[in-house]
Structures are given as structure tokens and as C-alpha cells.
Amino acid sequence: MRRSAKAVVIQNLDYSLISLRSYTQKALPAGLATVSSNGREFTSNRFVFRKNKYEMAQDATSRYYAKITILGSSQPYSVEVTVYQEKRIWNGERSSFKVVSESSYLARKVAADFNTELTKRREDPNIIDDFRVF
């Protein structure tokens, strides 16, 4: 599998696969569009980035989508974030979208959002381990 030069990889994530899936869905800009059959590749809805915010790409001629992939067969996992830019291409009377580039800036932004979701996890998932009698 070819890895992108503009992708951001977050390594050594000592979380369960189920937790990473949950955090990934929350970190996707404009919400979840698709999940691969193996449950490790998540694609966002199409969006535009304006005024430091993600907005749904209603009728935009240029739009983005993010792909977050969970890598590794066991803990610790790695997460790869790639953001693709699409442009509208006219074919006579019909139009379609074509991927024209990747955005390293938005990939870093989405990766930062993912890290934020990791820090917002349940305050103390190991509450039994930290229980003190006195």
C-alpha cells in the first residue's frame, strides 16, 4: 500500500481498537461518510475549510475530504491522517469531482483534532486500578 508524503502519522497509541474507532469518528471533519469493511479506514463527508472551521461542501467547486486509517495488528497502533482536495471537472453538460492534491496543512489540523479527542476520553478509564482505601 502506497503511503502519502503529505499524510500525518500518529504513532504508539496504546488504546484499544474499539476506542480508536470511536475517537476517529468524532475527529472527522463534517462527520462520517464511510467505513471500510475491515473497520480501519474512515472517510469524512466532503467539506470546505473557511474561517478556521469545517463546513459541509454544499455546492463548492473545490472541496476536501479526510481519510483516517488505523494501522497495526495489535497495540500500540498508529493512525494515519490524509486530507484530499477535489475540484469540479466539467465534461460537457455533466460535472464530476477529481482528486487534484493533498493538503498537509489540513491533515495536521485533523490530526490535532484527533489528539484532542484522545485527551477528552473518559476522565479515568482505570478507576479500579486507582482506587485508594484511605
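If you're wondering where the values come from, they're calculated on a predicted model, not measured in any experiment.

Reading the values: the criteria
Residues take numbers from 1 onward in each chain, read along the sequence in its written order. Note on the predicted model: pLDDT of at least 70 is required for a residue's local features to be given, and 80 or more for side-chain atom pairs to be given and counted; whole-chain, interface and lining totals, by contrast, use all residues. To get the side-chain values, all heavy atoms of the structure are used, and hydrogens and water are removed first. The helix count covers DSSP runs of H or I at least four residues long, the strand count covers runs of E at least two residues long, and both are numbered beginning at the N terminus. Each residue is assigned to one of three classes by its accessible area relative to the maximum for its type, calculated with a 1.4 Å probe on protein chains only: buried under 20%, partly exposed between the two thresholds, exposed over 50%. Any pair of residues with heavy atoms lying within 4.5 Å of one another is described as a contacting pair. Calculation of accessible area relied on Shrake-Rupley with a 1.4 Å probe; when residues are assessed, cover is drawn exclusively from the protein chains displayed. pLDDT runs from 0 to 100 and stands for how confident the predictor is about each residue. Stacked, tilted and edge-to-face pairs are distinguished by plane angle, under 30 degrees for stacked and over 60 for edge-to-face with tilted covering the rest, among Phe, Tyr and Trp rings (Trp via its six-membered ring) whose centres lie within 6.5 Å. In the analysis that follows, any N or O atom pair within 3.5 Å is treated as a polar contact, provided that within protein one partner can donate a hydrogen and the other can accept it, and provided that, for residues neighboring in sequence, both atoms belong to side chains. Every case where a carboxyl oxygen of Asp or Glu lies within 4 Å of a side-chain nitrogen of Lys or Arg is listed as a salt bridge.

**Side note on the overall build of the protein chain**
In step 1: Scanning the protein chain from N- to C-terminus turns up two helices and eight strands.
In step 2: Ordered by position in the sequence, the α and β elements of the protein chain form the string β-α-β-β-β-β-β-β-β-α.
In step 3: The buried share of the protein chain, taken over its 134 residues, is 38%.
In step 4: Sequence separation of at least 24 residues holds for 50% of the intrachain contacts in the protein chain that already meet a minimum separation of 6.
In step 5: Accessible surface, the protein chain: about 8,800 Å² in total, of which carbon and sulfur atoms supply 47%.

**Details of the confidence of the model for the protein chain**
In step 1: Mean pLDDT for the protein chain: 85, with 86% of residues reaching 70 or above.
In step 2: Looking across the protein chain, the model is least confident in strand β8 (residues 94-102), with a mean pLDDT of 88, and most confident in strand β3 (residues 41-44), with 95.

**Digging into the packing of aromatic side chains**
In step 1: In the structure shown here, the tally under the stated rule is six aromatic pairs.
In step 2: With 6.2 Å between their ring centres and 70 degrees between their planes, Phe49 and Tyr105 make a pair best called edge-to-face. Of this pair, Phe49 sits in strand β4 (residues 47-50) while Tyr105 is found in helix α2 (residues 104-119), placing the two residues 56 residues apart along the sequence.
In step 3: Phe49 sits in the partly exposed class, given a relative accessible area of 22%.
In step 4: Take Tyr105: its relative accessible area is 47%, and that puts it in the partly exposed class.

**A few points about the side chain of Ser44**
In step 1: Structurally, Ser44 can be placed in strand β3.
In step 2: Residue classification places Ser44 among the buried residues on the basis of a relative accessible area of 0%.
In step 3: Polar contacts involving the side chain of Ser44 include one to the main-chain amide nitrogen of Ala66, which spans 2.8 Å.
In step 4: Once you skip the residues sitting within four places of it in the chain, Ser44 turns out to touch Leu28, Pro29, Gly31, Ala33, Tyr65 and Ala66.

**Quick look at the pattern of salt bridges**
Pairing between side chains of opposite charge can happen when the charged atoms of each approach one another.
In step 1: What the rule picks out here adds up to six salt bridges.
In step 2: The salt bridge involving Glu86 is made with Arg46; its shortest N-O contact spans 3.2 Å. Taken as a pair, Glu86 in strand β7 (residues 77-91) and Arg46 in the loop between β3 and β4 lie far apart in primary sequence, 40 residues in all.
In step 3: With a relative accessible area of 5%, Glu86 lands in the buried category.
In step 4: Asp113 is paired through a salt bridge with Lys109; the nearest N and O atoms lie 3.9 Å apart. Highlighted residues: Asp113 and Lys109, both in helix α2, separated by four residues, approximately one helical turn.

**A closer look at the environment of Val81**
In step 1: With respect to the secondary-structure elements, Val81 resides in strand β7.
In step 2: Since its relative accessible area comes to 0%, Val81 is described here as buried.
In step 3: Distance in space between the C-alpha atoms of Val81 and Ser104 is 9.4 Å, their sequence separation being 23 residues.
In step 4: When residues no more than four places from it in sequence are discounted, the contact partners of Val81 are Ala7, Val8, Lys67, Ile68, Ala107, Val110 and Ala111.

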